[in-house]
Amino acid sequence: MILFQNLQVDLEPITAPPAIPSWPPQPGWYFLGLLFLGLLFYGFMRYYIYRKKNAYRVVSLAALERIQNLPISLDSLNELNLLLKATALKGFSRERVAPLHGKQWLAFLEESCPSSKFNDTASQALVDLIYKKDPNIQITPAQWKELISKSTHWIKRHKVNF
């Protein structure tokens, strides 16, 4: 203890080191910035391509809204069928869709969107009225609403690559 009492040390006050500069950043930050911009660009491109590939669905839904307000007749059923066929031609190959009619057409609609269920009497009436032109077959307003609902669901949800 005596040893420490007699020491007179002339220590200068401790000085803080200079602040670390925040600019320019290290090369890793440039890399992360470029990576972020690249991912952002990739995301925007994917979204653009998705929107462009599905633009036909938006057009078809707008046309379906117009058809929905038509009075129930053979002409309105024919327009509904033509709209479904045109939508299918935009999403699938012409060789696959163009020759389909009748039960094959309904089977294709169900195959491309299993949750749409085009196998009931309203769907069969659609096919019979258009292709057979049987005047004895009548479609009720409830069946018309059901066909419009199924068509809307099919246009929104059909899978192109199945």
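In this report, the structure presented in the accompanying data block is examined. Being a predicted model, the structure only gives us computed values, none of them experimental.

In this section: the overall build of the protein. The helix and strand tally for the protein stands at eight helices and zero strands. Shown N-terminal to C-terminal, the secondary structure of the protein runs as helices and strands in the order α-α-α-α-α-α-α-α. For 162 residues, the compact-globule estimate of 2.2 N^0.38 gives 15 Å, and the protein exceeds it by more than 25% at 34 Å. Its C-alpha atoms give the protein principal-axis dimensions of roughly 125 × 35 × 25 Å. Buried positions account for 30% of the 162 residues belonging to the protein. Within the protein, residue pairs in contact and separated by at least 24 positions form 65% of the contacts whose partners lie at least 6 positions apart. For the protein, the exposed surface amounts to about 12300 Å²; the carbon and sulfur share of it is 64%.

Attention shifts here to helix 8 (residues 141–157). Between its terminal C-alpha atoms helix 8 stretches 24 Å, which fits the 24 Å expected from 17 residues at 1.5 Å a residue. Taken together, the buried positions of helix 8 are occupied by Gln 143, Trp 144, Leu 147, Ile 148, Lys 150, Ser 151, Trp 154 and Ile 155. End-on, the buried residues of helix 8 take up no more than an arc of 165°, which puts them together on one face. In helix 8, the exposed positions that point more than 90 degrees away from the buried face belong to Pro 141, Ala 142 and Lys 145.

Another point: the environment of His 153. With respect to the helices, strands and loops of the structure, His 153 is situated in helix 8. Residue His 153 is classed as partly exposed on the basis of its relative accessible area of 27%. Between the C-alpha atom of His 153 and that of Cys 113, which follows or precedes it by 40 residues, the distance is 8.6 Å. Residues in contact with His 153, not counting those within four places in the same chain, are Cys 113, Ser 115, Ser 116 and His 158.

Turning our eyes to something else, we now look at a nonpolar patch on the surface. A surface patch of nonpolar side chains, amounting to about 590 Å² of accessible area, comprises Trp 29, Phe 31, Leu 32, Leu 35 and Leu 39. Topologically, Leu 39 is positioned in helix 2 (residues 27–53).

Size it by volume and the second largest pocket reaches roughly 160 Å³. Taken together, Tyr 50, Arg 51, Asn 54, Ala 55, Arg 57, Val 58 and Leu 61 make up the full set of residues lining the second largest pocket. Residue assignment for the lining of the second largest pocket shows that the elements contributing at least two residues are helix 2 and helix 3 (55–68). Here the lining of the second largest pocket gets four residues from one element, more than from any other, and that element is helix 3.

What follows concerns the environment of Ile 20. Locating Ile 20 in the fold gives a position in the loop between helix 1 (2–5) and helix 2. Distance in space between the C-alpha atoms of Ile 20 and Phe 41 is 33 Å, their sequence separation being 21 residues.

Turning to the packing of aromatic side chains, a few remarks are in order. Considering all chains together, one arrives at two aromatic pairs under this definition. With centroids separated by 5.0 Å and ring planes inclined at 80°, the aromatic side chains of Phe 92 and Phe 108 adopt a geometry described as edge-to-face. Placement of the pair is Phe 92 in the loop between helix 4 (74–91) and helix 5 (94–97) and Phe 108 in helix 6 (residues 102–112), with a sequence separation of 16 residues. Here Phe 92 matches Phe 108 in class, with each residue buried. Relative to Phe 108, the ring of Trp 105 has its centre 5.8 Å away and its plane inclined at 15°; by these criteria the two rings are stacked.

Parameters and conventions
Residues numbered from 1 in each chain as written. Predicted model: local features only at pLDDT ≥ 70, side-chain atom pairs only at ≥ 80, totals over all residues. Heavy atoms only, no water. Helix = DSSP H or I, 4+ residues; strand = E, 2+ residues; numbered from the N terminus. Rg over C-alpha atoms; globule rule 2.2 N^0.38 Å. Buried < 20%, exposed > 50% of the residue type's maximum accessible area, 1.4 Å probe, protein only. Contact = heavy atoms within 4.5 Å. Areas by Shrake-Rupley, 256 points an atom, 1.4 Å probe, with all protein chains shown as cover. Expected span 1.5 Å × (residues − 1). Arc of directions from axis to C-beta. Patch = residues over 30% accessible without salt bridge, like charges linked within 9 Å, V, L, I, M, F, W, Y side chains within 5 Å. Salt bridge = Lys/Arg side-chain N within 4 Å of Asp/Glu carboxyl O. 1 Å grid on protein atoms, 1.4 Å probe; cavity = no way out; pocket = protein on both sides within 12 Å on 5 of 7 lines; lining within 4 Å. Points joined across faces, edges and corners; volume = space filled by probe spheres on them. Phe/Tyr/Trp six-rings, centres within 6.5 Å; stacked < 30°, edge-to-face > 60°.

Function-wise, these values are silent; they only describe arrangement.
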